[in-house]
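What follows is the residue order along each chain.
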Amino acid sequence: MATREELIDLLAGLALFADLTRPQLEAVVHSLEEEYFAEGQRVLRQGLSGSNLYIILDGEAAVQIDGKQRTTLGKGDFFGEISVLLGEPPNADVVAVRSMRCLVLAATQVEPFLLAYPHITFRMLQAEARRVRTTSVWR
Amino acid sequence: MAVARRPRKSSRRAGSKPFPPGSYPAVIIGSGPGALQISYFLGRLGVGHAVLSADPAPGGMFREFPLYQRLNTWSKPYPPVTPRSRHYAWYDWNSLLVDDPKHQAIVPEFMKGESYFPTRAEMEKTLSAFVDRSRVRVRYGCRWETTARDGGGFVLGTSDGEYGCRIAVLAVGMAEPWKPQIPGIDQIPHYAQARPSRQYAGRRVLILGKRTSAFEMADSLLPWCRTIILVSPRPTLLAINSHSTAGVRARHLVPYEDHILGGGVFMLDGATSRIEQTAKGYRVYASGTTRPGDFVFDVDTVVAATGWTMPLRDLRALGLATISQDRIPALRPFWESTTVPGLFFAGAATQGAVGLRKHGVPSNSGGIGGFRHNARVLARYLAETHFGVSVPRAALAAGDVIPYLLSEVTHAAELWNQRSYLGRVVSFDQRRGILDEGILPLQHFVDTSGPDAVAIVLETDQSGDHHPAVYLRRDGRITEHVLASDPLHNFETGEHTRQLTALLHGLL
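Computed from a predicted model, the values in this text were never measured in an experiment. (Residues numbered from 1 in each chain as written. Chains lettered and ligands numbered in written order. Predicted model: local features only at pLDDT ≥ 70, side-chain atom pairs only at ≥ 80, totals over all residues.)

(A) Examining the overall build of chain A more closely. A tally of regular secondary structure across chain A gives five helices and six strands. Reading chain A from its N end, one meets helices and strands in the order α-α-β-β-β-β-β-α-β-α-α. Relative to its length of 139 residues, chain A is compact, with a C-alpha radius of gyration of 15 Å against a globular reference of 14 Å. Considering only C-alpha atoms, chain A reaches an extent of 40 × 30 × 30 Å along its principal axes. Across the 139 residues in chain A, those meeting the buried criterion constitute 44%. (Helix = DSSP H or I, 4+ residues; strand = E, 2+ residues; numbered from the N terminus. Rg over C-alpha atoms; globule rule 2.2 N^0.38 Å. Buried ≥ 20, exposed ≤ 12 C-beta atoms within 10 Å, placed from the backbone.)

(B) Quick peek at the sheet that holds strand 17 (residues 394-395) of chain B. Residues and elements named next belong to chain B. Overall, antiparallel pairing links the six strands, which are arranged 17-19-18-20-21-22 in an open sheet. Strands with a single pairing partner mark the edges of an open sheet, and in this sheet they are strand 17 and strand 22 (477-482). Where strand 21 (residues 466-474) and strand 22 come together, six bridges link them in antiparallel fashion. By the bridge assignment, Y471 is partnered in strand 22 with E480. Helix 7 (residues 368-386) contacts strand 18 (422-429) and strand 19 (433-441) of the sheet and is inclined by roughly 125 degrees relative to strand 19. Helix 8 (residues 398-411) rests against strand 18, strand 19, strand 20 (453-460) and strand 21 of the sheet, and its axis sits at about 20 degrees to strand 20. (Pairing = 2+ DSSP bridges. Contact = placed C-beta atoms within 7 Å. Axes fitted to C-alpha atoms, helices over the stretch in contact; angles between N-to-C directions.)

(C) Spotlight on the domain arrangement of chain B. All names here are of chain B. For chain B, the assigned domains read domain 1 (9-175 + 310-386), domain 2 (185-306) and domain 3 (394-503). Centre-to-centre separation of domain 1 and domain 3, based on C-alpha positions: 28 Å. Of the residues lining the interface, 18 residues belong to domain 1; the matching set on domain 3 comes to 22 residues. Considering only residue class, the side of domain 1 that touches domain 3 consists of eight nonpolar, eight polar and two charged. (Domains from an automatic or database assignment. Nonpolar A, V, L, I, M, F, W, Y, C, P; charged D, E, K, R; others polar.)

(D) Spatial organisation of the interface of chain A and chain B. At the junction of the two partners, chain A supplies 29 residues and chain B supplies 33 residues. Counting only elements with at least two residues in the side of chain A that touches chain B, the list comes to helix 1 (4-12), helix 2 (22-31), strand 1 (33-37) and helix 4 (107-116) of chain A. Residue contributions to the side of chain A that touches chain B peak at six residues, all from helix 2 of chain A. Of the residues in the side of chain A that touches chain B, the class split is twelve nonpolar, ten polar and seven charged.

(E) Highlighting the nonpolar core. Residues and elements named next belong to chain B. Membership of the largest hydrophobic core comes to 178 residues, with the highest contact counts inside it found for V27, I38, V169 and I207. When residues of this core are assigned to their parent elements, the largest contribution, nine residues, is made by helix 7. With near-sequence residues (within four places) excluded, V27 lies in contact with H49, A50, L52, L156, Y163, C165 and A168. (Core = buried A, V, L, I, M, F, W, Y, C linked by C-beta atoms within 7 Å.)

(F) Broad picture of helix 6 (residues 254-261) of chain B. All names here are of chain B. Residues P255, Y256 and H259 constitute the buried set of helix 6. The arc that holds the buried residues of helix 6, viewed along the axis, is 105 degrees, so those residues lie on one side. With respect to the buried face of helix 6, the exposed residues turned more than 90 degrees away are E257, I260 and L261. On its buried face, helix 6 is in contact with helix 4 (212-221), strand 8 (227-232) and strand 9 (265-277). Backbone geometry just after helix 6 places G262 at a positive phi near 80 degrees. (Arc of directions from axis to C-beta.)

And the structure:
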C-alpha cells in the first residue's frame, strides 16, 4: 500500500522522474494508475494485443519469451513501451517473480504523456540506449 | 475453526433480527447494491450466508448520493430489445440482476420518464423493492468492526457479536469521503458535506477535483455561482476520450463547455499546496502542473471533491494489499484479495480487479452496471470452489456454437458492460462434448490451463471501435483473434460467421 504522498516520494527517487518538479510529480501520480501483482501473476502476455506502459515502483519481474527467462526487471524499470510505440503485441511475457507494484499508463495516453514531459522522454531514451548497448555487448 | 461465537448483550435485544452471531459458511458485509446482488446469487446456489449491515435500511451510498440527485448511468424506457429480456440489461445499467423474468429491469418501473438517468431517490426505492421481491435478508444496525484470521477462515467482530466464516465478502462501497494531505484542507467541507446548490447563490466557489463528483457539483452550481474554479493536478479525463466509463461522463459536461467558451468556469491543472481561511472566505495556493506558474485564488467557498475510499478498517494489518493511493483492495480476477486468501469483495470494490486493461480500458466495476455481473460470476465461483456446489453446464450442438457466440458478443450485457473483462466461454472436450462454461473473467481464461476452449469478448480499440475478440485455447496454447468491427454493432454477419468458423475449424 502507498498513499498519495508516499507515491510522490517514490517517483521522486526514480531516475525516470528525476527532472520533474513536485507539482509535476503530483500530476503524474494522478495521471497514471497503480496496479499490484502477486508473485507469479502475468503482467504482459506474449502475442496479446492492446497492452500498456508499466513502470515498476517496487518488486521484480521476469521477461520470458516462449517460457524461457531472458532477463529480470526491478524498481525504476519500465516495460511495454515497444509494444505501445509500435502498436504491436508484446513479444514476451512479463511475470512478477515477487510481489510487484507498478504504475500503468494506458497505451492511448502514452503519446500525449511523453510530449507533455520531454524530460521523461529523454530519460526513457537513455534507458533504451543502455538496453541496446547491453544487447550489443551480448552479441 | 472455532465454533462458539460470543454474542454481545445488544444482540439479545435485537429480537427477530436475522443472522444472530455465530458461524456461517460465508458472511457478506453491506446492504448496498453490491451486497444485495451477491447475496441474491449465493442464495440461488444454496450457499448459506449471513448479511450484516451497519445501515438501518438497504441502499448503501444511494441513501445519500449522488448529492445533486441524478445518476450518470442509463435505464432506457424504450430500448431496441424486449424490455425484461436478458439482453435488456445493457440498456438498463441500474437494475440488479434476477433470474425471475417478472422481477427483471426493476429500475424503469420506479422512474417518472423525465430522463433516462434515474434519481437517487428512485434508486433507493428500487433497492428496497429488490429486497422485498427477492427476499434477500439483512441484519441491519450491525456494524462490522474487526477482522481476524481463524484457521482457514475469519472471525468478524461486529457491534452485535462475533461471526465466524470460511469466506468473507466485503461490499461496503466506496463510501468514505477522502481528502489528500494539503495544509488547511481540514477547514473545508468534502463534497459529501456540500449544501444544496441554491445556498451557493452569488458566491465564488473553488472545487478541488476534476472527476465525476466535482463535475456533478459544478453542473449543479452553474445557475447559482458567480465563478466556479475546478483545480486538480491532472488534466480532465473525459469518458468520450477514454472510450470507457473511466472519465467524466458527458452528462456533466456543461461546465466544461462553459470553461472552453470562457463563461466564468475555470478548469485548471494545478497542485494545491495550501488553503488559508481569510476574513471574507478562503485563499488557495496552487502550482501549475501542465504549464508552469503559481496560482492564488481568493474565493468565498472551497469544497473538496477529491473522491472516496473504502472503509477497510483493520484489513491492512491482515496484509491486505491496496491500489489507487491505498483506497481500493488489489484483487485477483475472481475478486479475491491478492494477498489475503478467502477475503472477497463485491460491489464497487471489485474495480480493484482491472483485468487485462486492453487498449487502456479497465474493468467497469465501479458502478452497478458492471459489478452486478461480477456478483453472478463470483457466486458461482464461490459455490463451486469453496462449497462443493456443482453448477451444470449446458451442452451445445456443434451447429449452434458459432451463432451463439456471435449473438453473445452482439447483445449480452455482461460483455458490453465489462468489455475486455468478462467473456462467454465454450469448451470442447472429447469426453464431455461441447459445453457452455458460462461467463468468466478473460484474465482467468488466458492465464490458466484447461481443455480446448474459446472465449469471446467485446473490446474497444484505440480508435474507439468496438469489435469482438476471440481467444482460442488449443493444446494449452492461447491465441488472440480480433474480428471486424461493424458501424451498427452487428457482429452476426456472414463475414463474422466465416471468420469464426475458420478459427474453430477442427473443434466443431
